[in-house]
Amino acid sequence: QVQLVESGGGLVQSGGSLRLSCAASGSFFRINAMGWYRQAPGKQRELVADISRDGSTNYADSVKGRFTISRDDAKNTVYLQMNSLKAEDTAVYSCSMAVRRGLRYPETNSWGQGTQVTVSS
């Protein structure tokens, strides 16, 4: 079983920065893709950014140039550096990781509990 624990959310003024972290623990063989999603009140969850095992990244258009996703496989951790934050970035941010328990097991997605990011205008 894999547990994902996020940290780094909070309240910040518009134009400010925050750095989110998500660390995986438990028993697993390998983590493939890692990603960050967000869900604002009354809206559907959306992909913010993801990063593959080889380091390839993908960003939502709304955060390109402001957010940076990175990973540290030695620590089983994914980060999201968020700069130039806007009020519309306010949401619950959740991390997700594609995890393989072993060579004979299929890849499954694990999710963190979510962390609140609030940007005041």
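This one's a predicted model, so the numbers in the text were calculated from it and none came from an experiment.

**Q** Looking at this structure, I do not really get the packing of aromatic side chains. What am I missing?
**A** The geometry of an aromatic ring pair comes down to the distance between the two centres and the angle between the two planes. A full pass over the atoms with the stated rule returns one aromatic pair. Positioned over the ring face of Tyr79 is Arg19, at 4.1 Å from the centre of the ring.

**Q** Looking at this structure, I do not really get the pattern of salt bridges. What am I missing?
**A** Opposite charge on two side chains permits them to pair, given that their charged atoms come into close proximity. Tallied over the full model, the rule gives five salt bridges. Shared partners join several salt bridges into a network, and the residues in it are Arg38, Glu46, Arg66 and Asp89.

**Q** Can you help me understand the sheet that holds strand β8 (residues 77-82) in this one?
**A** Each strand in a sheet pairs with its neighbour through backbone hydrogen bonds, running either in the same direction (parallel) or in the opposite one (antiparallel). Taken in spatial order, the four strands of this open sheet run β1-β3-β8-β7, and their pairing is antiparallel. In this open sheet, the two strands that pair with only one neighbour each are β1 (2-7) and β7 (67-72). Direction aside, the axes of adjacent strands within the sheet are offset by 15° on average. Both β7 and β8 contribute to a ladder of six bridges, which runs antiparallel. In the strand pairing of β8, Asp72 is matched with Thr77.

**Q** What exactly am I supposed to notice about the side chain of Asn32 here?
**A** Residue position: Asn32 is located in strand β4 (residues 30-39). At 3.4 Å, the side chain of Asn32 and the side chain of Arg30 are in polar contact. When near neighbours in sequence (up to four residues on either side) are disregarded, Asn32 contacts Ile51, Arg53, Arg71, Ala98, Arg100 and Glu107.

**Q** Is there a simple way to think about the environment of Gln81 in this case?
**A** The topology assignment puts Gln81 in strand β8. A residue is classified by how much of its surface remains accessible, and Gln81, at 26% relative accessible area, is partly exposed. Distance in space between the C-alpha atoms of Gln81 and Thr68 is 5.1 Å, their sequence separation being 13 residues. Ignoring sequence-local partners within four residues, the contact set of Gln81 consists of Ser17, Leu18, Arg19, Arg66, Phe67 and Thr68. Within polar-contact distance, the side chain of Gln81 engages the side chain of Asn83 at 2.9 Å.

Rules behind the numbers
- Along each chain, numbering runs from 1 in the same order as the chain's sequence is written.
- The predicted nature of this model means local features are confined to residues of pLDDT at least 70 and side-chain atom pairs, given and counted, to a pLDDT of 80 or more, with totals for whole chains, interfaces and linings taken over all residues.
- Just so you know, side-chain values use all the structure's heavy atoms and leave hydrogens and water out.
- For this analysis, a ring pair means two rings from Phe, Tyr or Trp (six-membered ring only for Trp) whose centres lie within 6.5 Å, classed as stacked if their planes differ by under 30 degrees, edge-to-face if by over 60, and tilted for the remaining angles.
- By definition, being over a ring means that NZ of Lys or CZ of Arg is both within 6 Å of the ring centre and within 35 degrees of the ring normal.
- Take a side-chain nitrogen of Lys or Arg and a carboxyl oxygen of Asp or Glu: if they are within 4 Å of each other, that pair is a salt bridge.
- What makes two strands pair is DSSP finding at least two bridges between them.
- Helix and strand definitions here come from DSSP, where helices need a minimum of 4 consecutive H or I residues and strands a minimum of 2 consecutive E residues; each element is numbered from the N-terminal end.
- Axis definition: a line fitted to C-alpha atoms, over the contacting stretch in the case of helices. Angles run 0 to 180 degrees between N-to-C directions.
- Any N or O atom pair separated by 3.5 Å or less is treated as a polar contact, with the protein-specific requirement of one donor-capable and one acceptor-capable atom, and with residues adjacent in sequence counted only for side-chain atom pairs.
- Any two residues whose heavy atoms approach within 4.5 Å are treated as being in contact.
- Burial classes: relative accessible area under 20% of the type maximum marks a residue as buried, over 50% as exposed, and values in between as partly exposed (1.4 Å probe, protein chains only).

The values reported here are purely geometric and, on their own, carry no functional implication.
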